[in-house]
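Examination of the molecular architecture
The chain contents come next:
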Amino acid sequence: MWMLLFTLLPTMGFAYICWHIWQLLPFAPWAKACVLLGGLLAFCCMFANFTRLRGMLSLNAASTLYEVGNSTLFILLYLAIAFLLLDLGRLVRLVPKAVVVHNGTTALVIAVVLTAIFVYGNIHYRNKVRQPLTLTTSKHLSRPLTVVMLTDMHLGYHNRRKELARWVDMINREKADLILIAGDIIDISTQPLEQEESWREFLRLNAPVYACLGNHEYYSGQPNAQLFYRQADIRLLRDSVATVGDLCIMGRDDRTNPHRKSVAQLAEEIPDSTFSILLDHQPYHLEEAQQAGIDFQLSGHTHHGQVWPISWITEAIYECAFGSHQRGDTRYYVSSGIGIWGGKFRIGTRSEYIVATICNEGASKGNEK
């Protein structure tokens, strides 16, 4: 059902956009046909990303296929919005027919505006926001702890080893006691990670790394994902609990696994006197952590929609789609992610990593830099 919708909706949108472009461009029919053919090839690249073709190409060619195909999806979204607004304007008689038929000025304005939006979106994506977070507790802590928290790295054909190296340098500058990753380290395949030996970058991190699985680890092949975790010296918590100094870290398997443990089952292994952190990739049923007495939950998955107006949809779906949240004594942070799926655009959202200071109530926060 979901695959049918994923295929049908973009195809219908593409047909709608093509019809409008044909009407709008003041070119000869052969020239308009060339423009639409170029758009069709880019559109087909998106579907090719879900076939075996990608695995048969060189890494650079496969990366280009990925970038072109998935970027096209976002560009089509904004073209559809532009033409829907023009159609609405015509419906209420605010936009004359001449504006949308054989009008080079309108075509140029749309092209310039969309180019500006997506150039901004790409620059904004590359800027990683450092989000400080202070977590206070009455539970025992020998000293304040600095924990770097990440989600949704989506390493693969578009976020490659060079980009990962930049992130590792950024994380190392925090001199953290611990690094936590709440799933989707891998994008859709481990093949590019294996070719570039991207796991070696994780070995440069100057603090131990604990992580849970996300849905994309299942898409990439969960056994392959676990092998990558081992090579990268990432401690995988899959429905398991680890005591790290004064902290108790719980990693829940992704909800892709219908047989995963409940939060309550995981919480049975936690001493009441220990500060507890739950890594659960998808932020559904936040009440479970509250009912189990968890101190803090880190989730991701939503990307906060990546681009507006999809952010409105995620806000409607999730109790908390982005940022800090609290239920009773349980605090949450749903991250929009340091990486991204698909085209490298952030429009109305941000890429981020969290630097949390965990300290006793009344202690110096010390996390502002």
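Residues numbered from 1 in each chain as written. Predicted model: local features only at pLDDT ≥ 70, side-chain atom pairs only at ≥ 80, totals over all residues. Heavy atoms only, no water.

It is worth spelling out helix α2 (residues 29-48) at this point. In this model α2 runs 28 Å from its N-terminal to its C-terminal C-alpha over 20 residues, within 8% of the 28 Å that 1.5 Å per residue would give. Ala31, Lys32, Leu36, Ala42, Phe43, Cys45, Met46 and Ala48 are the residues of α2 that are buried. (Helix = DSSP H or I, 4+ residues; strand = E, 2+ residues; numbered from the N terminus. Expected span 1.5 Å × (residues − 1). Buried < 20%, exposed > 50% of the residue type's maximum accessible area, 1.4 Å probe, protein only.)

Among the structural elements, Asn159 can be located in the loop between β2 (145-150) and α7 (161-172). One polar contact links the side chain of Asn159 to the main-chain carbonyl oxygen of Met153, over a distance of 3.4 Å. Setting aside anything within four residues of it in sequence, one finds Asn159 in contact with Tyr125, Met153, His154, Trp167, Gly339, Ile340 and Lys344. (Polar contact = N/O pair within 3.5 Å; in protein donor to acceptor, adjacent residues only side chain to side chain. Contact = heavy atoms within 4.5 Å.)

We now examine the nonpolar core. Formed by 32 residues in total, the largest nonpolar core has its most connected members in Met153, Ile181, Ile185, Phe202 and Phe228. Among the elements of the structure, β2, α7, β3 (178-182), α9 (199-202), β4 (209-212), α11 (222-231) and β12 (351-360) are those that each provide at least two residues to this core. For Ile185, the residues in contact, after removing those within four places along its chain, are Met153, His154, Leu155, Phe202, Ala211, Glu217, Phe228, Tyr229 and Ile234. Among the nonpolar cores identified, the runner-up in size contains 31 residues, and Ala62, Val95, Ala107 and Val307 belong to it. (Core = buried A, V, L, I, M, F, W, Y, C linked by side-chain atoms within 4.5 Å.)

By the definition in use, this model includes 17 salt bridges. The residue Lys139 makes a salt bridge to Asp295 at a minimum N-O spacing of 2.8 Å. Placement of Lys139 in the loop between β1 (128-137) and β2 and of Asp295 in the loop between α13 (287-291) and β9 (296-299) is noted, with a sequence separation of 156 residues between them. Residue Asp295 is classed as buried on the basis of its relative accessible area of 15%. (Salt bridge = Lys/Arg side-chain N within 4 Å of Asp/Glu carboxyl O.)

Quick look at the sheet that holds strand β10 (residues 323-327) now. If you walk across this open sheet you meet the six strands as β6-β7-β8-β9-β11-β10, and the pairing is mixed. A single partner strand is all that each edge strand has here, and the edge strands are β6 (240-244) and β10. Taking the axes of each pair of neighbouring strands and ignoring which way they run, one obtains an average angle of 20° across the sheet. (Pairing = 2+ DSSP bridges. Axes fitted to C-alpha atoms, helices over the stretch in contact; angles between N-to-C directions.)

So, on to the packing of aromatic side chains. This structure, assessed with the given rule, holds 11 aromatic pairs. The ring of Tyr210 carries the charged tip of Arg235 above its face, separated from the ring centre by 5.7 Å. In this structure, Arg255 packs its charged tip against the face of Tyr284, placed 3.9 Å from the ring centre. (Phe/Tyr/Trp six-rings, centres within 6.5 Å; stacked < 30°, edge-to-face > 60°. Lys NZ or Arg CZ within 6 Å of the ring centre and 35° of its normal.)

The next subject is the environment of His301. Mapping His301 onto the fold places it in the loop between β9 and α14 (310-317). Through-space distance from the C-alpha of His301 to that of Ala321 is 8.9 Å; in sequence the pair is 20 residues apart. Once residues lying within four places of it in the same chain are set aside, the contact partners of His301 are Asp152, Asn215, His281, Gln282, Pro283 and Tyr318. At 3.3 Å, the side chain of His301 and the side chain of His281 are in polar contact.

Now for the pairing of β9. A two-sided burial pattern is seen for β9, the buried positions comprising Phe296 and Leu298 on one face and Gln297 and Ser299 on the other. Note: strand β8 (residues 275-279) against β9, three bridges, orientation parallel. Each bridged residue has a counterpart across the sheet, and for Leu279 the counterpart in β9 is Leu298.

Quick look at the packing of helix α4 (residues 59-91) against helix α6 (residues 104-126) now. In contact at an axis separation of 11 Å, α4 and α6 are set at 140° when each is read in the N-to-C sense. On the basis of their axis angle, the class for α4 and α6 is oblique. Here α4 runs over α6; the crossing is right-handed. Across the interface between the two elements, Phe74, Ile75, Tyr78, Leu79, Phe83 and Leu86 of α4 pack against Thr106, Ile110, Leu114, Ile117 and Phe118 of α6. Here the residues of the contact of α4 with α6 sort into 10 nonpolar, one polar and no charged. (Parallel < 35°, antiparallel > 145°, perpendicular 65-115°, else oblique. Left-handed = near helix turned anticlockwise from the far one by under 90°. Nonpolar A, V, L, I, M, F, W, Y, C, P; charged D, E, K, R; others polar.)

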